[in-house]
Amino acid sequence: MAARTPRPVGTPEDLGRAPGLRERKKQQTRDALVQAAHALFLGQGFARTTVDEIASAVDVSQRTFFRYFANKDEVALAVMADAEDYFIHCLHHRPAEETPLQALRASIVQAWRDLGNARASGPNSIGSALELLRIIEDTPALLAAHLRRVTEQERLVVQVLAEREGLDPAEDLRPVVLAAVFGSLLRAAHLSWTAEQEPAGPEGMVVVIERYFDQLGPALAGHWRDHP
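Please read these numbers as outputs of a predicted model, since none were measured by experiment.

Criteria and thresholds
Residues numbered from 1 in each chain as written. Predicted model: local features only at pLDDT ≥ 70, side-chain atom pairs only at ≥ 80, totals over all residues. Heavy atoms only, no water. Axes fitted to C-alpha atoms, helices over the stretch in contact; angles between N-to-C directions. Helix = DSSP H or I, 4+ residues; strand = E, 2+ residues; numbered from the N terminus. Parallel < 35°, antiparallel > 145°, perpendicular 65-115°, else oblique. Contact = heavy atoms within 4.5 Å. Nonpolar A, V, L, I, M, F, W, Y, C, P; charged D, E, K, R; others polar. Left-handed = near helix turned anticlockwise from the far one by under 90°. pLDDT = per-residue confidence, 0-100. Buried < 20%, exposed > 50% of the residue type's maximum accessible area, 1.4 Å probe, protein only. Patch = residues over 30% accessible without salt bridge, like charges linked within 9 Å, V, L, I, M, F, W, Y side chains within 5 Å. Areas by Shrake-Rupley, 256 points an atom, 1.4 Å probe, with all protein chains shown as cover. Salt bridge = Lys/Arg side-chain N within 4 Å of Asp/Glu carboxyl O. Expected span 1.5 Å × (residues − 1). Core = buried A, V, L, I, M, F, W, Y, C linked by side-chain atoms within 4.5 Å. Phe/Tyr/Trp six-rings, centres within 6.5 Å; stacked < 30°, edge-to-face > 60°.

**Q** In this structure, what is going on with the packing of helix α2 (residues 21-44) against helix α6 (residues 78-92)? I would like to understand it.
**A** The geometry of α2 relative to α6 is characterised by a closest axis approach of 10 Å and an angle of 125° between their N-to-C directions. Between α2 and α6, the angle falls in the class oblique. Where α2 approaches α6, its residues R30, V34 and H38 are matched on the opposing element by A78, V79 and D82. Across the contact of α2 with α6, the residue classes break down as three nonpolar, one polar and two charged.

**Q** Help me out: how do you make sense of the packing of helix α11 (residues 174-196) against helix α12 (residues 201-214) in this one?
**A** Geometrically, a packed helix pair is captured by the angle between its two axes and the distance between the axes. With their axes 9 Å apart at the nearest point, α11 and α12 run at an angle of 130° to one another. In terms of their interaxial angle, α11 and α12 are classed as oblique. For the pair α11 and α12, the crossing hand works out as right-handed. Contacts between α11 and α12 pair F182, L185, L186, A188, A189, H190, S192 and W193 from the former with G201, G204, M205, V208, I209, Y212 and F213 from the latter. Its residues assigned to classes, the contact of α11 with α12 shows 11 nonpolar, four polar and no charged.

**Q** Any chance you could explain the confidence of the model for the chain here in plain terms?
**A** Caution applies to low-pLDDT parts of the model: their predicted coordinates are not meant to be read in detail. Chain-level pLDDT for the chain is 85 on average; 86% of the residues reach the 70-or-more range. Helix α1 (residues 12-15) is the least confidently modelled element of the chain, averaging 50 in pLDDT, while helix α3 (residues 51-58) averages 96, the highest of any element.

**Q** Can you help me understand unusual backbone geometry in this one?
**A** If a residue is not glycine, its phi is most likely negative; likewise, a peptide bond is most likely trans. At D59, a position not held by glycine, the phi torsion is positive, near 60°. Among the secondary structure elements, D59 is positioned in the loop between α3 and α4 (62-68). Of the residues examined, D59 reaches a relative accessible area of 71% and is grouped as exposed.

**Q** How should I be thinking about a nonpolar patch on the surface in this particular structure?
**A** Taken together, the side chains of L173, V176 and V177 present a nonpolar region at the surface, about 260 Å² in accessible area. By the secondary structure assignment, L173 is in the loop between α10 (140-165) and α11. Overall, L173 belongs to the exposed group, its relative accessible area being 53%.

**Q** So what exactly am I meant to see when it comes to α6 here?
**A** The terminal C-alpha atoms of α6 lie 21 Å apart, and with 15 residues this matches the ideal 21 Å at 1.5 Å per residue to within 8%. The element α6 is extensively covered by neighbouring structure, given that 13 of its 15 residues are classed as buried.

**Q** Just checking my understanding: could you explain the nonpolar core for this structure?
**A** Generally speaking, nonpolar side chains in soluble globular proteins are found buried as a group. In terms of nonpolar packing, the biggest core is built from 60 residues, with F41, I54, F87, I108 and W112 touching the most fellow members. Of the residues forming this core, the biggest block, nine residues, is contributed by α6.

**Q** Could you clarify how one ought to interpret the packing of aromatic side chains in this entry?
**A** Two measures describe an aromatic ring pair: the distance that separates the ring centres and the angle between the ring planes. In total, this model carries five aromatic pairs according to the counting rule given. Ring centres of F182 and F213 lie 6.1 Å apart, and the angle between their planes is 40°; on these two criteria the pair is classed as tilted. One end of the pair, F182, is in helix α11; the other, F213, is in helix α12, and 31 residues separate them in sequence. The burial state of F182 is the same as that of F213; both residues are buried.

In structure tokens, the structure reads:
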């Protein structure tokens with residue numbers, strides 16, 4: 001699968017721009033479809049919701065829905081996908097003097113905080129996406145789609161880290177290893193937050209992610225029994 005190009009949709013920079021009328025209308029339709037889909041998924045479940053119901057809730061045709069999203073999976077994961085793309089954007093622009101691990105940690109924290117602040121509420125807010133995390137975990141088809149995106153993002157992380165450090169990941173395995181560790185750390189943090197949903201909101205997710213990062217060094221170095 002070819003690596004995707006991070007989309008500009010929904011980044012804080014885009015939120016500060018003044019798009020043309022056509023772009024605004026397209027964004028409004030996309031936002032409305034996401035909002036309707038989220039409400040239906042949370043209200044009656046992912047499996048019982050149809051594309052027709054989502055389109056009808058926005059008073060558009062099924063054909064219009066498919067101009068924006070390929071299927072239900074894509075609309076359910078839309079906000080998280082935008083956030084993932086913004087994280088890659090942040091990683092691209094971290095200062096060169098940061099180590100790879102520092103850049104990854106700073107980028108994921110920046111992404112959650114920037115998007116949390118810029119999109120504190122509304123149909124495509126990060127808070128709205130967080131509400132769907134439990135549904136994602138409890139829905140096999142949706143979880144499979146989510147994990148495919150996670151795998152794709154991991155490949156992008158490898159690519160960006162290799163470019164930052166000026167090396168070939170086929171010859172030097174450090175970007176691959178670090179991307180795998182980072183992806184597993186994020187998944188563990190997401191599962192932990194989903195189980196309790198505390199602390200609440202995007203900043204709560206940052207707290208959980210930072211907690212897991214704080215344990216990364218101790219987990220990888222030395223004997224655990226000596227340093228509980």
